[in-house]
Amino acid sequence: MKPFIPKLGTWGPPVLLGIPLDHNSSFLRGAAQAPPLIREALHSPHWNKTSETRVDLGTPGIFEDAGDLAVMESPDAFTRIEDAIARIVEAGKRPVSLGGDHSITAPILRAIGKRIPAITLVHFDAHPDLYADYEGNPHSHASPFARIMEEQLVHRLIQIGVRTLNAHQHEQAEKYAVKIFQIKDLPDPTHLNLAGPIYVSFDMDALDPAFAPGVSH
């Protein structure tokens, strides 16, 4: 497939896509209910939509919303995720995906990585999610970054906030040359030398559990 490389400054607006899938969670479920709740908070009249960068998220047309994918319990869910993200990228727009458990990151990057070369993937998480497979499930929420790296969908993977690095995942990180900053070693972000196209994946449990208690692990 020929890489899709938009000209500098030609990217269209961000596009929200809800991916209500959580059947690859190995513990609690409920993350599939998140996309409409995130939108409810986003569109609430009870907050000022201007960010610290002075971008007003309430400006009409500043982002688009593609709605939620349906029937995510089906066997072809990952294929439909990949197809939906591919359509956004090929339209020259930037996908902002609302999950869902973290397994959805593999088909998302499968769509993006096939079209945009040399991606730096910045991953905020308490867990590295690098298991070869977890409890016999290669599509587990604990395995997407192993799939991404073995398929060479990104040029570089940087993980920030990890505090559960066990022996197996340490071996996986070395195998795939993953740069991990554990929570005890959080860097000044200016020292990360980020360049090129960047994809950010954020797991809520990167935050202190006191501030984000409603996660599955």
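The rules behind the values
- Residues numbered from 1 in each chain as written.
- Predicted model: local features only at pLDDT ≥ 70, side-chain atom pairs only at ≥ 80, totals over all residues.
- Heavy atoms only, no water.
- Salt bridge = Lys/Arg side-chain N within 4 Å of Asp/Glu carboxyl O.
- Buried < 20%, exposed > 50% of the residue type's maximum accessible area, 1.4 Å probe, protein only.
- Pairing = 2+ DSSP bridges.
- Helix = DSSP H or I, 4+ residues; strand = E, 2+ residues; numbered from the N terminus.
- Axes fitted to C-alpha atoms, helices over the stretch in contact; angles between N-to-C directions.
- Contact = heavy atoms within 4.5 Å.

Which residues make up the pattern of salt bridges, and what are the values?
Here the structure, examined in full by the defined rule, presents 11 salt bridges. R29 is the salt-bridge partner of D22, the closest N and O atoms lying 3.0 Å from each other. The class for R29 is partly exposed, based on a relative accessible area of 49%. Residue D76 is joined to R80 by a salt bridge in which the shortest nitrogen-to-oxygen separation is 3.3 Å. A cluster of three or more residues bridged by salt bridges with shared partners is formed by D22, R29 and E73.

Report on the sheet that holds strand 7 (residues 198-202), specifying residues and quantitative values.
If you walk across this open sheet you meet the 4 strands as 6-5-4-7, and the pairing is parallel. Sheet topology places strand 6 (179-182) and strand 7 at the edges, where each strand pairs with a single neighbour. Each adjacent strand pair in this sheet contributes to an overall mean axis angle of 15°, direction not counted.

Before we move on, can you summarise helix 3 (residues 105-113) with the specific residues and values?
Where burial is concerned, most of helix 3 is hidden: 9 out of the 9 residues are buried. All of the buried residues along helix 3 are T105, A106, P107, I108, L109, R110, A111, I112 and G113. Where helix 3 is buried, its residues touch helix 2 (77-90), strand 3 (94-98), helix 4 (144-150) and strand 7.

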